[in-house]
Amino acid sequence: MARVRIENLKKYFGEVKALDGITLEIEDGEFLVLLGPSGCGKTTLLRSVSGLESVTSGKIFFNDRDVTNLQPKDRNISMVFQSYAVWPHMKVRDNIGYPMKIKGHSKEEIEKRVKWAANMLNISELLDRYPSQLSGGQRQRVAVARAIVLNPAVLLMDEPLSNLDALLRVKMRSELKKLQEELGVTTIYVTHDQVEAMTMGDRIAVMNRGKLQQVGTASEIYHKPVNMFVAGFIGSPQMNFLRAKTVSDGAKTILKGHGVDIPISSDPGLEEVVVGIRPEHIGLGKGEVSFEATVFFIEKLMSSTIIHATLEDGKEIVSMIPGDHEFKNGEKVTMSFSTEKIHLFDPKTERRIET
Amino acid sequence: MLKKVFFWIAVILIAVWFLTPIVMIFLAAFTPAEDYYNPHRIIPSHLTFEHLYKLLFLLDGWKSIIISVEVALIAIGLSFLIGLPAGYAMARYKFKGKRAINLTILLTRSIPLIVVAVPLIVIYMKVGLSDTVLGVALAHTAMILPFVVLITSSIFSGISVEYEEAGMVFGLTHFQSFVKITLPLALPGLAASAIYSFIMSWNEVFVASILTLTNRTLPAHILNTAMASPDYFKFAAGVMMAVPAMIFIFFTRKYLISMWGISLK
Ligand SMILES: Nc1ncnc2c1ncn2[C@@H]1O[C@H](COP(=O)(O)OP(=O)(O)OP(=O)(O)O)[C@@H](O)[C@H]1O
Ligand SMILES: [Mg+2]
């Protein structure tokens, strides 16, 4: 078990700044999810922590031990690779037991721990098979069993569920989370699937272009995104962004944009702002802030309906309402949202404005 | 049905195509001299080991077989000692001039040994390598090495780095992980390329003839002795060339198939 501290970590591949000054602290026993779009540096950060990638500058500590320049084998970590990397020339039993064999544990002890790990992951019947005789999901379990057999200080996982079908992914999501809680092992988990991130992580670290954007609980990141990138990246469908001018008439401040007037209680102090409102917070019918929109496309998910519509000036707006609804293309609807639900951003810096 | 018929016709044709010369060589090699020159006989009256015996024991054939094996083993050993790390580096690392090196290696494959043979013998005479087993082995190493580099690099590229990295994460050094994880996975391919290297060296006649006088490899020896002898000696020599290679391939092939059985995905 360990607390992980990453200080101003940089990793350049020639011109490419894969990691551009990452500072992050992960509590002992915490499940931290690294989330971000493809190519943002998640794998690079994970590999730097594992020691498979040497860093350009910065430091990594496990508890108070500086591990920046240690070989992977000296860091007491384990890893679940995206491709699982279950060794094809060893039986499942030997795959799981190999980390212990390397460290010189006795045969009986290995046997015992392998049984334990296989039991944890429900693969006891598979121990005498070769990986080629396993399905993807089973191979994934073997990879996890191998990773936990030796009580690692830090468990690293790089998109371990991305090669599984949707159903199995949902199942493994909760199983992995439960397993991690039982073991209490500090875990860094890479994904670009926000549902995975939301449901599994104690905290989520959102990355973009080699930089950390925001670290926080799912709720913090959803309700208080620090900038437009995080606001847009988290949530599906994506948050609507409306540019608006601040109009103040002494008593009240109103944000006017795209024909929508939004009264707010405190002046943001900027002439122009970006108003963010999530599709699930825009409903049908009149409300605090109401506006007319023309439907041009709907997506029916049965449990909910996603309405794509245009405002009077042609600006696209997306709303998601619960239930199964029918709309005609070109149909005019009244939509509304509550001012409580809006987010304000500075259009220049794209940072959140606290109101 | 028709497809099956054609399939078997093709099988038979191919088998006949490859086996006829071999059968004829074998037949002639064991035919007594008087039967061989008798135009009315195709199937010999009886078989004899006389030609083979003479070639092997009276004409030093035995000695040259041993030399051939020695040369091939040294050449394979050296080629893999140098070629394996090179192939690994080509497969796993990005570095400046990689393409140029790759191209140069390919280029050396296109230079026939004949071109370098004369300068080679001059150098060999100066350093005292002419007419030695090591000398021929070195020349064969030069011939095999580029092949080994290219083929091992493609073998290693075919094995996911993540297997090796998993080894490193779970407690091995990079080198240990290479030896314990990557090497076993590469073994079928490496064995196949070793066999091919063996055949390359075993069959090579030109350089071996030029570089040696007394310590001749089997093909060089045959070229210089049997070719001046009656036909049935030539055929007996052919058998001597073919049989060890066939045995070698036969055994390693079985080993190869069983290896592939477990390590292929
Ligand atoms: N070995 C390498 N050599 C050069 N550039 C690299 C190397 N590895 C990664 N990069 C670059 O670094 C950046 C970050 O890559 P990384 O693999 O960490 O992304 P990622 O967030 O894991 O993406 P994905 O979700 O697609 O896996 C990318 O621009 C990538 O092209
Ligand atoms: Mg990645």
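Computed from a prediction, not measured in an experiment: that's the story for all the values here.

1. Description of the overall build of chain B
Part 1 of the reasoning: Within chain B one finds 12 helices and 0 strands.
Part 2 of the reasoning: Starting at the N terminus, the α and β elements of chain B follow one another as α-α-α-α-α-α-α-α-α-α-α-α.
Part 3 of the reasoning: With the principal axes as the frame, chain B shows a C-alpha extent of 75 × 65 × 30 Å.
Part 4 of the reasoning: Within the span of chain B, comprising 265 residues, buried residues form 40% of the whole.
Part 5 of the reasoning: If you take every contact in chain B between residues at least 6 apart in sequence, the share linking residues at least 24 apart comes to 71%.
Part 6 of the reasoning: Total accessible area on chain B is roughly 14,900 Å²; 76% of this is exposed by carbon and sulfur atoms.
Part 7 of the reasoning: Each charge class in chain B can be summarised by its mean position, and for the 18 positive and 11 negative side chains these summaries are 13 Å apart.

2. With respect to the overall build of chain A
Part 1 of the reasoning: Scanning chain A for helices and strands turns up 8 helices and 21 strands.
Part 2 of the reasoning: Along the first, second and third principal axes, the C-alpha atoms of chain A reach 80 × 45 × 35 Å.
Part 3 of the reasoning: The contacts in chain A between residues at least 6 apart in sequence include a share of 66% that link residues at least 24 apart.
Part 4 of the reasoning: Summed over all atoms, the accessible surface of chain A reaches about 16,000 Å², with 49% contributed by carbon and sulfur.
Part 5 of the reasoning: The positive charge centre, built from 46 side chains, and the negative charge centre, built from 46, are 6 Å apart in chain A.

3. Details of the domain arrangement of chain A
One frequently used descriptor of interface size is the decrease in accessible area upon assembly of the parts.
All names here are of chain A.
Part 1 of the reasoning: Each assigned domain of chain A is listed with its residue range as follows: domain 1 (4–233) and domain 2 (240–345).
Part 2 of the reasoning: Counting residues at the interface gives 8 residues for domain 1, matched by 7 residues for domain 2.
Part 3 of the reasoning: Overall, the association of domain 1 and domain 2 removes approximately 650 Å² of surface from exposure, summing both partners, and the carbon and sulfur fraction of that is 64%.
Part 4 of the reasoning: Our count for the contact surface shared by domain 1 and domain 2 stands at 0 salt bridges.

4. What to know about the domain arrangement of chain B
Residue and element names in this part refer to chain B.
Part 1 of the reasoning: Assigned domains of chain B: these are domain 1 (1–48) and domain 2 (59–263).
Part 2 of the reasoning: Relative to domain 2, the C-alpha centre of domain 1 lies at a distance of 32 Å.
Part 3 of the reasoning: When residues of domain 1 are sorted by the area they lose upon contact with domain 2, Ile-25, Phe-26 and Tyr-36 head the list and together hold 48% of the total.
Part 4 of the reasoning: Linking domain 1 with domain 2 are 0 residue pairs in polar contact (both at pLDDT 80 or more), by the criterion used here.
Part 5 of the reasoning: Those elements that place two or more of their residues in the side of domain 1 that touches domain 2 are α1 (2–29) and α2 (33–36).
Part 6 of the reasoning: Broken down by element, the side of domain 1 that touches domain 2 gets its largest block of residues, 5 residues, from α1.

5. Focus: the pairing of strand β13 (residues 260–264) of chain A
Residue and element names in this part refer to chain A.
Part 1 of the reasoning: The side-chain alternation of β13 yields one buried face, formed by Val-260, Ile-262 and Ile-264, and one unburied face, formed by Asp-261 and Pro-263.
Part 2 of the reasoning: In this sheet, β13 lies alongside strand β12 (residues 253–257) in antiparallel orientation, the contact comprising 5 bridges. The partner of Gly-257 across the bridge, within β13, is Val-260.
Part 3 of the reasoning: Connecting the antiparallel pair β12 and β13 is a turn made up of 2 residues, with His-258 showing a positive phi of about 50 degrees.

6. Looking at the nonpolar core
Nonpolar side chains tend to gather and get buried jointly when the protein is soluble and globular.
Residue and element names in this part refer to chain A.
Part 1 of the reasoning: In this structure, Ile-6, Phe-62, Ile-96, Val-154 and Ile-188 are the most contacted members of the largest nonpolar core, which totals 120 residues.
Part 2 of the reasoning: Setting aside its immediate chain neighbours within four residues, Phe-62 contacts Ala-2, Arg-3, Val-4, Val-49, Val-67, Arg-75, Ile-77 and Val-154.
Part 3 of the reasoning: Counting 27 residues, the second-largest nonpolar core is a separate cluster that includes Val-273, Val-275, Ile-321 and Ile-353.

7. Brief notes about a nonpolar patch on the surface
Part 1 of the reasoning: A cluster of nonpolar side chains, contributed by B:Ile14, B:Trp17, B:Phe18, B:Leu19, B:Ile22, B:Val23 and B:Met246, occupies part of the molecular surface with about 730 Å² of accessible area.
Part 2 of the reasoning: Relative to the elements of secondary structure, B:Val23 occurs in helix α1.

8. Remarks on the sheet that holds strand β7 (residues 154–158) of chain A
All names here are of chain A.
Part 1 of the reasoning: Reading across from one edge, β6-β7-β8-β3-β9-β10 is the order of the 6 strands in this open sheet, with mixed pairing throughout. Looking at the sheet topology across the chains shown, the edges are occupied by β6 (77–80) and β10 (211–216). The sheet shows a mean angle of 20 degrees between the axes of neighbouring strands, direction not considered.
Part 2 of the reasoning: Bridge analysis of β7 against strand β8 (residues 186–191) gives 5 bridges, and the strand direction is parallel. Considered in β8, the bridge of Leu-155 is made with Thr-187.
Part 3 of the reasoning: Those strands touched by helix α4 (residues 136–148) are β6 and β7, and its axis lies near 175 degrees from that of β6.

9. A look at helix α5 (residues 166–183) of chain A
Residue and element names in this part refer to chain A.
Part 1 of the reasoning: Taking 1.5 Å as the rise per residue, α5 with 18 residues should run 26 Å; its terminal C-alpha atoms sit 26 Å apart, in good agreement.
Part 2 of the reasoning: Buried residues along α5 sit in contact with β3 (31–35), α3 (107–120), α4, β7, β8 and α6 (194–200).
Part 3 of the reasoning: Positive phi appears at Gly-184, one or two residues downstream of α5, with a value of about 65 degrees.

10. Structural notes on the site of ligand 1
Residue and element names in this part refer to chain A.
Part 1 of the reasoning: Close to ligand 1 lie 14 residues, the nearest being Ser-38, Gly-39, Lys-42, Thr-43 and Thr-44.
Part 2 of the reasoning: Side-chain polar atom of Ser-38 to an oxygen atom of ligand 1: 2.5 Å apart, as the coordinates give it.
Part 3 of the reasoning: Measuring from an oxygen atom of ligand 1, one finds a backbone N or O atom of Gly-41 at 3.0 Å.
Part 4 of the reasoning: Relative to its unbound accessible area of 640 Å², ligand 1 is 63% covered by the protein chains.
Part 5 of the reasoning: Take the shell around ligand 1: its biggest share by element is 3 residues, from helix α1 (residues 42–50).

11. Considerations on the packing of helix α7 (residues 133–157) of chain B against helix α9 (residues 174–203) of chain B
All names here are of chain B.
Part 1 of the reasoning: Running from N to C, α7 and α9 cross one another at 145 degrees; their axes reach a closest spacing of 10 Å. With respect to the hand of their crossing, α7 and α9 are arranged in right-handed fashion. Where α7 abuts α9, its residues His-140, Met-143, Ile-144, Phe-147, Val-148, Ile-151, Thr-152, Ile-155 and Phe-156 lie against Phe-178, Thr-182, Ala-186, Gly-189, Leu-190, Ser-193, Tyr-196, Ser-197, Met-200 and Ser-201.
Part 2 of the reasoning: Among the residues making up the contact of α7 with α9, the classes are represented as 12 nonpolar, 7 polar and no charged.

Conventions and cut-offs
Every chain's residues receive numbers from 1 upward, in the order its sequence appears when written. All chains are assigned letters beginning at A, and all ligands numbers beginning at 1, according to the order in which they are written. Side-chain atom pairs in this predicted model are given and counted only at pLDDT of 80 or more, local residue features only at pLDDT of at least 70, and totals for whole chains, interfaces and linings cover all residues. Think of the side-chain values as coming from all heavy atoms in the structure, minus any hydrogens and water. Here a helix means four or more residues in a row that DSSP labels H or I, a strand means two or more in a row labelled E, and each is numbered from the N terminus. Each residue is assigned to one of three classes by its accessible area relative to the maximum for its type, calculated with a 1.4 Å probe on protein chains only: buried under 20%, partly exposed between the two thresholds, exposed over 50%. Contacts are residue-level and defined by heavy atoms, with any inter-residue pair within 4.5 Å sufficient. Each accessible area value is a Shrake-Rupley result obtained with a 1.4 Å probe; residue values ignore everything except the protein chains displayed when judging cover. Note that His is not counted, nor are the chain ends; the positive residues are Lys and Arg, and the negative ones are Asp and Glu. Charge coordinates come from a single atom per side chain, which is NZ of Lys, CZ of Arg, CG of Asp or CD of Glu. Domain borders in the structure are assigned automatically or taken from a domain database. Summed over both partners, the accessible surface that disappears when two parts come together, traced with a 1.4 Å probe, is what is meant by buried area. By salt bridge we mean one thing: a side-chain nitrogen of Lys or Arg within 4 Å of a carboxyl oxygen of Asp or Glu. Identification of polar contacts relies on pairs of N or O atoms within 3.5 Å, with a donor-acceptor requirement for protein atoms, meaning one able to donate a hydrogen and the other able to accept it, and with residues adjacent in sequence counted only if both atoms are side-chain atoms. Here the rule is simple: two strands pair whenever DSSP picks up at least two bridges between them. What makes a nonpolar core is a set of buried Ala, Val, Leu, Ile, Met, Phe, Trp, Tyr and Cys residues whose side-chain atoms join them at distances within 4.5 Å. Note that patches include only residues with greater than 30% relative accessible area and no salt bridge, and the join distances are 9 Å for like charges and 5 Å for nonpolar side chains (Val, Leu, Ile, Met, Phe, Trp, Tyr). What counts as an axis is a line fitted to C-alpha atoms, over the stretch in contact for a helix, and the angles between N-to-C directions run from 0 to 180 degrees. Under the convention used throughout, the expected extent of a helix is 1.5 Å for every residue step, that is, one less than its residue count. We call a residue near a given molecule or strand whenever any one of its heavy atoms falls within 4 Å of it. Less than a right angle of anticlockwise turn of the near helix away from the far helix marks a crossing as left-handed, whereas a clockwise turn marks it as right-handed. When residues are grouped by polarity, Ala, Val, Leu, Ile, Met, Phe, Trp, Tyr, Cys and Pro land in nonpolar, Asp, Glu, Lys and Arg in charged, and all others, Gly among them, in polar.

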